[in-house]
Amino acid sequence: MEVVQVLCMKGGNGDTSYAKNSLVQKKVISLTKPIIEEAITNLYCNKFPTSLCIADLGCSSGPNTLFAVLEVVTTLDRVGKKMGRQLPEIQVFLNDLPGNDFNTIFKSLPRFQKDLEKRMGAGAESCFINGAPGSFYGRLFPSKSLHFIHSSYSLQWLSQIPQGLESNKGNIYMANSSPPCVLKAYYEQFQTDFSMFLRCRSEELLEGGSMVLTFLGRRSEDPSTKECCYIWELLAVALNDMVAEGLIEEEKMDSFNIPQYTPSPAEVKCEVEKEGSFTISRLEVSEVNWNAYHGEFCPSDAHKDGGYNVAKLMRAVAEPLLVSHFGDGMIEEVFSRYQKIVADRMSREKTEFINVTVSMTKRG
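Model, not experiment: these values are computed from the prediction.

1. Some details on the overall build of the chain
Secondary structure summary: the chain contains 12 helices and 7 strands in total. When the accessible area of the chain is evaluated, it comes to approximately 15,300 Å², of which 50% is carbon and sulfur surface.

Structural data, given as structure tokens:
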């Protein structure tokens, strides 16, 4: 499986699309607002350019893409006004892999422009949006061209499935039952990818430019801990049940692995310090419930079922990967089973995603 070709969130605006099932990711972006504001304030204090280039890496599609941009641009406007400065022209680059549903993003730009005008008035005309398809594990922009980089819930995805996972039978990700060589292979792939990401961004950012990156991560130093692996372990339960019933070939199951690594704060810090181009100003951990509607108004009776919500969230994320490996004939059945498994576990346990957010500045 070529990750670059198949890794994308489910496109369009249908019932099972990422656009309709990404409220958790929106909550995570909201949680990092104070960190983004601090980074932008520092950027303004150090230098005030007449034009600003910012990039959102791993932007995906749907409302979160432009929600993240809206938060960054209106923060720029608010901080600038507080300091008595006129808003510079802002060029925004939306980046994701070529398979991303960029069409849905571009179709929603007129509405985004209206939202921007409501918040900023005439200043909205100073914002220009561009698409930038490509892998962020390589160069994307000219040298010293960017002032600010944002990325949320993207950098946990790896550039490829790690080598040497043949002994990870019955699992689709790291798990308690995974042998140490599997955990090592995943960690080494993360190290390779994140160090390459940092090298590329250090070339593209201006001196004093900054990045705010949020990973799906973990608090624990154990990479197979439930806090980061459990949600995939439960999907593996559904898939293994279908193998036992002859609905999925065992060989197919044993050769499927999720190209993801959920780092701890210490692992993120270690790679940043090793690469050497950036100074970390904030490194924080937060959490958000698996169920996006936990403690919220539910738009329908179906949304009162936590298993239903989590299954739809995970389907929007994982369906393209599953379809490319198993075919689309099993999708409805696997997520129907997964919904029941998740609902059962959520009724008995506290289930949260852990977020690791790092804010850093390019050294002089």
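So that's the structure; there's more coming.
2. Remarks on helix α10 (residues 265–275)
Among the residues of α10, Pro265, Glu267, Val268, Glu271, Val272 and Glu275 are the ones counted as buried. Here the buried face of α10 lies against α7 (180–204), β5 (205–217), β6 (278–289) and β7 (352–362). Two residues or fewer after α10 comes Gly276, characterised by a positive phi angle close to 85°.

3. A few points about the environment of Pro88
Structurally, Pro88 can be placed in the loop between α4 (63–82) and β2 (89–96). In this structure the C-alpha to C-alpha distance between Pro88 and Leu76, which are 12 residues apart in sequence, comes to 9.0 Å.

4. Structural notes on the confidence of the model for the chain
Of all residues in the chain, 85% have pLDDT values of 70 or greater, and the mean over the chain is 80. Per-residue pLDDT, averaged within each element of the chain, yields its smallest value for helix α1 (residues 3–6) (46) and its largest for α10 (95). For the stretch residues 16–21, pLDDT sits under 50, and the model shows 29 contacts to residues farther than four places along the chain or on other chains.

5. Some thoughts on the packing of aromatic side chains
Under the counting rule described, the total for this entry stands at 14 aromatic pairs. Arranged with centres 5.6 Å apart and planes meeting at 90°, the rings of Phe136 and Phe197 form a pair that is edge-to-face. Here Phe197 lies in helix α7 and Phe136 lies in the loop between β3 (127–133) and β4 (146–152), a separation of 61 residues in the sequence. When its relative accessible area of 0% is taken as the criterion, Phe197 is described as buried. Between Phe190 and Phe215, the ring centres sit 6.5 Å apart and the planes meet at 70°, which makes this aromatic pair edge-to-face. Note that Phe190 is positioned in helix α7 and Phe215 in strand β5, a separation of 25 residues in sequence. Relative accessible area serves as the criterion here: at 1%, Phe190 is assigned to the buried category. Residue Phe215 is classed as buried on the basis of its relative accessible area of 0%.

6. Some thoughts on the nonpolar core
Grouped together as the largest cluster of nonpolar side chains are 75 residues, with contacts concentrated most on Phe194, Phe197, Trp232, Leu239 and Tyr338. The leading source of residues in this core is helix α8 (residues 226–244), at 12 residues. By size, the runner-up hydrophobic cluster in this structure holds 31 residues, among which are Ile36, Leu52, Val69 and Phe112.

7. Things to note about the pairing of β4
Judged by how many residues are buried, β4 sits mostly within the fold: 7 of 7 residues are covered. Judged from the 3 bridges that link them, strand β1 (residues 51–57) and β4 form a sheet pairing that is parallel. Across the sheet, the residue bridging to Ala55 is Ile149, located in β4. Two elements, β4 and β5, share 6 bridges in a ladder whose sense is parallel. Residue Leu146 lies in a different strand from β5, and its bridge partner there is Leu205. Of the crossover connections in this fold, the one passing from β4 over α7 to the parallel β5 is right-handed.

8. Focus on the packing of α8 against helix α12 (residues 331–346)
At their nearest, the axes of α8 and α12 sit 9 Å apart, and the two run at 130° to each other. Of the possible angle classes, the one that applies to α8 and α12 is oblique. Pair α8 / α12 crosses with right-handed handedness. Of the residues in α12, those in contact with Tyr230, Ile231, Leu234, Leu235, Val237, Ala238, Leu239, Asp241 and Met242 of α8 are Glu333, Val334, Phe335, Arg337, Tyr338, Ile341, Val342 and Arg345. A class-by-class count of the residues in the contact of α8 with α12 yields 13 nonpolar, no polar and 4 charged.

9. Looking at the sheet that holds β6
Within a sheet, neighbouring strands are paired by backbone hydrogen bonds and run either parallel or antiparallel to one another. Strand order across the open sheet formed by 7 strands is β3-β2-β1-β4-β5-β7-β6, with mixed pairing between neighbours. Bordering the open sheet on either side are β3 and β6, each of which pairs with just one other strand. Averaged over all pairs of adjacent strands, the angle between their axes in this sheet comes to 15°, without regard to strand direction. Along the sheet face, α10 touches β5, β6 and β7 and points at about 160° away from the line of β6.

Criteria and thresholds
- Residues numbered from 1 in each chain as written.
- Predicted model: local features only at pLDDT ≥ 70, side-chain atom pairs only at ≥ 80, totals over all residues.
- Heavy atoms only, no water.
- Helix = DSSP H or I, 4+ residues; strand = E, 2+ residues; numbered from the N terminus.
- Areas by Shrake-Rupley, 256 points an atom, 1.4 Å probe, with all protein chains shown as cover.
- Buried < 20%, exposed > 50% of the residue type's maximum accessible area, 1.4 Å probe, protein only.
- Contact = heavy atoms within 4.5 Å.
- pLDDT = per-residue confidence, 0-100.
- Phe/Tyr/Trp six-rings, centres within 6.5 Å; stacked < 30°, edge-to-face > 60°.
- Core = buried A, V, L, I, M, F, W, Y, C linked by side-chain atoms within 4.5 Å.
- Pairing = 2+ DSSP bridges.
- Right-handed = clockwise from strand over helix to strand, strands pointing away.
- Axes fitted to C-alpha atoms, helices over the stretch in contact; angles between N-to-C directions.
- Parallel < 35°, antiparallel > 145°, perpendicular 65-115°, else oblique.
- Left-handed = near helix turned anticlockwise from the far one by under 90°.
- Nonpolar A, V, L, I, M, F, W, Y, C, P; charged D, E, K, R; others polar.

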